[in-house]
Amino acid sequence: MTGDATMLQDTPAETEGAGTILLRSSWQTINIGDVAHTPGAITALLGAGASRIILWPGSLGDREQAMLADRFPDLEFAYGDIGPDGRPDTPELARAFDEADLFIHGSAAGMGSRPGLNAWRPSGKPYGFFGITFDPLGNFMPFQLPDARRVVGAIAPGHLDDEAREILDGAAFVFCRDTISLAYLQGQGVRAEILEPGPDATFAFDIRDEAGADAVLADHGLEPGFLVAVPRLRYTPYAHLRNLPVTAADLTKDAVNEAFTPRDLAVLTETIAWWVRTTGRQVLIAPEMSYAVDLIAEYWPATLPRDVRDRVAIVDGFWDLPTATATYARAAAVVSIECHSPILATTAGTPGTYLRQPTDTVKGAMYADLGGTHMVNEIDDGAAGVIERLARVVADPGAARAAAERVHAEALRRLSRMGRAAVAASRVGRASRVG
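Residues numbered from 1 in each chain as written. Predicted model: local features only at pLDDT ≥ 70, side-chain atom pairs only at ≥ 80, totals over all residues. Heavy atoms only, no water.

### Re the side chain of aspartate 250
Piece 1. Mapped onto the elements of the fold, aspartate 250 is located in helix H10 (residues 248–279).
Piece 2. The charged side chain of aspartate 250 is buried without a salt bridge, its nearest counter-charge being lysine 253 at 4.8 Å.
Piece 3. For aspartate 250, the contacting residues outside a window of four places in its chain are Ala239 and Pro245. (Helix = DSSP H or I, 4+ residues; strand = E, 2+ residues; numbered from the N terminus. Buried < 20%, exposed > 50% of the residue type's maximum accessible area, 1.4 Å probe, protein only. Lys, Arg positive; Asp, Glu negative; His and termini not counted. Salt bridge = Lys/Arg side-chain N within 4 Å of Asp/Glu carboxyl O. Contact = heavy atoms within 4.5 Å.)

### Section: the packing of aromatic side chains
Piece 1. A complete count under the given rule lists 12 aromatic pairs for this structure.
Piece 2. The interplanar angle of 45 degrees and the centroid separation of 5.5 Å between the aromatic rings of phenylalanine 140 and tyrosine 235 together place this pair among those described as tilted. Note that phenylalanine 140 is positioned in the loop between strand S5 (127–132) and helix H5 (145–153) and tyrosine 235 in the loop between strand S8 (227–230) and helix H9 (238–241), a separation of 95 residues in sequence.
Piece 3. According to the relative accessible area criterion, phenylalanine 140 is partly exposed, its value standing at 43%.
Piece 4. Look at tyrosine 299 and tryptophan 300: their rings are 6.4 Å apart centre to centre, the planes differ by 55 degrees, and that puts the pair in the tilted class. (Phe/Tyr/Trp six-rings, centres within 6.5 Å; stacked < 30°, edge-to-face > 60°.)

### A word on unusual backbone geometry
Piece 1. Backbone torsion omega between tryptophan 300 and proline 301 reads 10 degrees, so that peptide bond is classified as cis.
Piece 2. Inspection of the secondary structure puts proline 301 in the loop between helix H11 (292–299) and strand S10 (312–314).
Piece 3. The phi angle at serine 26 is positive, at roughly 55 degrees, despite the residue not being glycine.
Piece 4. Mapping serine 26 onto the fold places it in the loop between strand S1 (20–25) and helix H1 (32–47).
Piece 5. With a phi close to 55 degrees, asparagine 243 is a non-glycine residue in the positive phi region.
Piece 6. Note on placement: asparagine 243 falls in the loop between H9 and H10.

### Here's the deal with the pairing of strand S4 (residues 102–105)
Piece 1. Of the two faces of S4, the one lined by Leu102 and Ile104 and the one lined by Phe103 and His105 are each fully buried.
Piece 2. Here S1 runs beside S4; their pairing, made up of 4 bridges, is parallel. Looking at S4, one finds that isoleucine 21 is bridged to leucine 102. (Pairing = 2+ DSSP bridges.)

### Thoughts on helix H8 (residues 210–220)
Piece 1. For H8, every residue scored as buried is listed here: Gly212, Ala213, Val216 and Leu217. The buried residues of H8 occupy one face: seen down the axis, they fall within an arc of 135 degrees. Of the exposed residues in H8, those oriented more than 90 degrees away from the buried face are Ala211, Ala218 and Asp219.
Piece 2. By the N-cap criterion, in which a side-chain oxygen at the helix start approaches the backbone nitrogen of a residue two or three places on, H8 is capped by aspartate 209, the distance to alanine 211 being 3.3 Å.
Piece 3. In the stretch just after H8, glycine 221 is the one whose phi turns positive, near 65 degrees. (Arc of directions from axis to C-beta. Polar contact = N/O pair within 3.5 Å; in protein donor to acceptor, adjacent residues only side chain to side chain.)

### So, the sheet that holds strand S7 (residues 195–197)
Piece 1. Read across the sheet, 7 strands follow the order S3-S2-S1-S4-S5-S6-S7 without closing on themselves; strand pairing throughout is parallel. Of all strands in the sheet, those with a lone pairing partner are strand S3 (76–77) and S7, marking the two edges.
Piece 2. Contacting S1, strand S2 (52–57), S4 and S5, H1 runs over the sheet at an angle of about 160 degrees to S1.
Piece 3. Helix H3 (residues 91–99) contacts S1, S2, S3 and S4 of the sheet and is inclined by roughly 140 degrees relative to S2. (Axes fitted to C-alpha atoms, helices over the stretch in contact; angles between N-to-C directions.)

### So, the packing of H5 against helix H7 (residues 179–187)
Piece 1. Two numbers describe how H5 lies on H7: the axes approach to 9 Å, and their chain directions differ by 10 degrees. Viewed along their axes, H5 and H7 adopt a mutual orientation that is roughly parallel. Touching Leu145, Arg149 and Val152 of H5 are Thr179, Ile180 and Tyr184, all from H7.
Piece 2. Of the residues in the contact of H5 with H7, the class split is 4 nonpolar, 1 polar and 1 charged. (Parallel < 35°, antiparallel > 145°, perpendicular 65-115°, else oblique. Nonpolar A, V, L, I, M, F, W, Y, C, P; charged D, E, K, R; others polar.)

Laid out in structure tokens, this is it:
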């Protein structure tokens, strides 16, 4: 596997006086995009001069832990949870809380670790948020991004709940991965020391399994220059994936999926057919989330026109993140209904397009925030926009790659700023603890 932590160092990093950082991340392993949050954040922090990082994972599988240990041999792990008494429930997590000088809430769709933050805050040591979304609309209020921005901008102060406000007001930094979230928190009068835009840490992911990608291409008879297509349901069926009790809200989500999945995946099928018929090149249909393996098998190749079927290959298992990213690097373009695969594509300079569903959060606004307005197409608008985008990729692949590289470079520039702010806060925490 390959990786390089120096990619984010625009100036020599100063490690002297840097404190120990406790990173709360690794929320789940059933989504390779979410897996990328953690190594991306660690890369950004190391590039900014972090000297010691302890990862407090939410969920970490064997292959993900092996990837992290191989890429970051000095990374420490602290497992545990917050018990009913509001304190860490394992000795190793209690020790991490004691020894760390800064708590970072990693990239996520919201404030998913409130118990952890509330357990940390009595220490008086600094904490912050590293590229997260605050979507006040919720995904039961589906909007296209322009409409979501208008609605969020009209929400009056007082909407944010009191506990969230108290936590955010006390933060050393809050980096929002999209400007719709930022506008919401600004409109609510949040008074964090730093309240700025800051992209998803996935943009800093830099681990590729080249041998794994070689195997994918060999197994499917692919030549470099193919299209990758990534499907998604409107709602991830978490209750079914995790064997949880099915609630009324879950039944509603199931109904939405049943109603819209054929239409949404037809947009992807139309795009695939155009690609094969226009370019003669191949397509690889691949999952970003584990449930999509069965979704792909259900819809493809059965829904493909007969004249394109022999040019379409399918990843028939849930592949690992480094293999997926290295495969994206061999592609001409990535078209994804999932939000993170286009990010992973940009890390390799591959043009990516996000086919956004209105039930997704507002995180998709981050592409335009980074200069990638062209990277987002709303799926309810059909296939025309994404086909037009792919036509430009085919007509001038060099310009398309340059545009992807510019988005990635801007994301890394901002992540470098985020890393420096975090390391500075860790110095403050260390000084207060040592003093």
